[in-house]
Amino acid sequence: ELKFGKKNVNLTNLNKIYWPKEKISKGELLAYYEKMGDFILPYIKDKPISMNRFPNGIESDSFFQKDVDPQKIPNWLKTTQVFSESAGKTIDYLLCNDLPSLLYIANLGSIEINSWLSTFKKPEKPEFVVLDLDPNGAKWGDVIAVAHTAKAVLDRGEVTCFIKTSGSTGLHIVINVGEKYDYEIARSFVQFIAELIQQEHPETTSMVRDPKKRKGLIYLDYLQNKKGQTIAAPYSVRPRPMATVSTPLNWEEVDNSISIQDFTIFNIYDRIKDIEDPWKEFFNSKVDIKKALEKY
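Residues numbered from 1 in each chain as written. Predicted model: local features only at pLDDT ≥ 70, side-chain atom pairs only at ≥ 80, totals over all residues. Heavy atoms only, no water.

Caption draft 1: Representation of the overall build of the chain. Per the secondary structure count, the chain includes six helices and 16 strands. The C-alpha atoms of the chain give a radius of gyration of 19 Å, which matches the 19 Å a tight globule of 296 residues would have. By principal-axis analysis of the C-alpha atoms, the chain measures approximately 55 × 40 × 40 Å. Here the chain, with 296 residues, has 53% of them falling under the buried criterion. Taken as a whole, the chain presents about 13,800 Å² of accessible surface, with 48% of it coming from carbon and sulfur. Treating the 40 positive side-chain charges of the chain as one cloud and the 40 negative ones as another, the clouds have centres 5 Å apart. (Helix = DSSP H or I, 4+ residues; strand = E, 2+ residues; numbered from the N terminus. Rg over C-alpha atoms; globule rule 2.2 N^0.38 Å. Buried < 20%, exposed > 50% of the residue type's maximum accessible area, 1.4 Å probe, protein only. Areas by Shrake-Rupley, 256 points an atom, 1.4 Å probe, with all protein chains shown as cover. Lys, Arg positive; Asp, Glu negative; His and termini not counted. Charge placed at Lys NZ, Arg CZ, Asp CG, Glu CD.)

This is how it looks when you write it as C-alpha cells:
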C-alpha cells in the first residue's frame, strides 16, 4: 500500500508477469509510472480516461472500460459524467490528475494511459489534435520522410508541432489548439494538412480508412480527432513487446536511426534526466488555425 496524504493506493500482484517473453512484471510497470507521473500528468489533466485492461498481461485477453462505478472505487478518485450518444446512457469516466490516480489506473492492468483530446470542462473543444502516421507495413524510412514533410507543411503555416513515437508502430504529430475550436474545425484542419502531405507522397501514403485498401501504405490518420476518441498519452507505456513507451522526440532525432523499440520503461527516466524536454514549449505553443490557413 502506498500512502499519499489521505490517499491510499493498494498495489496488487506486483510479481505477476505482464510481458512473458521479456519477463517484465506488473511491479516494474507500476515503478515506471511512479517515477514518470510528473511528466505524464500535465498532458492528461481533466481529460476523461478510457482504460484498456490487461489483467493477465499482454498475451492474455484484454477489455476496454470507460465506465466506472463511483460507489465501488476509493472516494478520493475524481470522475466525470459524460452522456454517450452511442451507448444511450451516462458514463462515469475516471479523471487522472494526480499520481495516486495514475497508479490506481495502472494497477487495474491498464498498461496504457489513454485520454481524450479535450477536457471534461470543454468536451466539444479539443486541447490537442493529432495526425497519426500509421505505417501499416510501410518502410520505416518512408515513415520518417513523411514525418519531415508534415513538419515542413506545418512550418509553412507557422504551426508549431510536436512529435512522439506512438510506442506501437508509428509516429504521432501533435498540435496544441488550445480549446478554441470544436472538433469539426480542428479535424478538418488536420485533414487539410494530411492532404497536403499526401500530394507530396502519393506513392507511399493513403487516406483511405479500409486497411485492406492501403496495404503497405502509410495511413495519414486524422480521424482520431473527435469527441470520445482517445490517444496514448506522452510517456504512456504500450502493451507491446519490450514494454515500449510513447516517447516525445526532438525533430532532430527523427531519422532512420531511431526505432520504436529504442524507448522502453527501462530507459525513459534516464533519457529525460539527460536531455532537455523535447516538448517543453508544448503548452506555450497554441496554434491559431485561422491565421495558419491564411498562409497556405
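And the narrative resumes.
Caption draft 2: Just the packing of aromatic side chains, in detail. Within the structure shown, the criterion is met by 14 aromatic pairs. Chaining the aromatic ring pairs together yields one cluster made of Tyr43, Phe128, Phe162, Trp279, Phe282 and Phe283. (Phe/Tyr/Trp six-rings, centres within 6.5 Å; stacked < 30°, edge-to-face > 60°.)

Caption draft 3: Highlighting the side chain of asparagine 225. Assignment of secondary structure puts asparagine 225 in the loop between strand 14 (218-221) and strand 15 (230-232). If sequence neighbours within four positions are ignored, asparagine 225 has contacts with Leu117, Val129, Val130, Tyr183, Arg187 and Val190. (Contact = heavy atoms within 4.5 Å.)

Caption draft 4: Region of the structure containing the sheet that holds strand 11 (residues 162-165). The six strands lie next to each other as 13-14-10-12-11-16, forming an open sheet whose pairing is mixed. Because the sheet does not close on itself, it has two edges, and the strands there are strand 13 (205-206) and strand 16 (248-249). With six bridges connecting them, strand 10 (residues 128-134) and strand 12 (residues 171-176) associate as antiparallel partners. Bridge pairing in strand 12 places leucine 133 opposite leucine 171. (Pairing = 2+ DSSP bridges.)

Caption draft 5: Spatial organisation of the pattern of salt bridges. For the structure shown, the criterion picks out 16 salt bridges. Here glutamate 59 ties to lysine 21 by a salt bridge, and the two come within 3.2 Å at their closest N and O atoms. Of this pair, glutamate 59 sits in the loop between strand 5 (49-53) and strand 6 (63-65) while lysine 21 sits in the loop between strand 3 (17-19) and strand 4 (24-25); the two residues are 38 residues apart in sequence, bridging distant segments of the chain. Taking the relative accessible area as the measure of exposure, glutamate 59 reaches 49% and is therefore partly exposed. (Salt bridge = Lys/Arg side-chain N within 4 Å of Asp/Glu carboxyl O.)

Caption draft 6: Just helix 3 (residues 140-156), in detail. Look at helix 3: 25 Å from first C-alpha to last across 17 residues, which is about the 24 Å you get at 1.5 Å a residue. For helix 3, the set of buried residues is Val143, Ile144, Val146, Ala147, Thr149, Ala150, Val153 and Leu154. Residues of helix 3 that are buried in the fold lie against strand 10, strand 11, strand 12, helix 4 (183-200), strand 13 and strand 14. Positive backbone phi, at 55°, marks glutamate 158, one or two positions downstream of helix 3. (Expected span 1.5 Å × (residues − 1).)

Caption draft 7: Main features of helix 2 (residues 99-107). Counting buried residues in helix 2 gives nine out of nine residues, a clear majority hidden from the surface. Within the sequence span of helix 2, burial applies to Leu99, Pro100, Ser101, Leu102, Leu103, Tyr104, Ile105, Ala106 and Asn107. Looking at the buried residues of helix 2, the elements they touch are strand 1 (2-4), strand 2 (7-9), helix 1 (26-44), strand 5 and strand 8 (89-94). The first or second residue beyond helix 2 is glycine 109, which carries a positive phi of 90°.

Caption draft 8: Quick look at the side chain of arginine 238. Within the fold, arginine 238 resides in the loop between strand 15 and strand 16. By relative accessible area, arginine 238 is classed as buried at 15%. Of the polar contacts made by the side chain of arginine 238, one reaches the backbone oxygen of serine 166; its length is 2.6 Å. Beyond its immediate stretch of four places on either side in the chain, arginine 238 contacts Trp19, Ile111, Glu112, Ser166, Gly167, Ser168, Ala232, Ala243 and Thr244. (Polar contact = N/O pair within 3.5 Å; in protein donor to acceptor, adjacent residues only side chain to side chain.)

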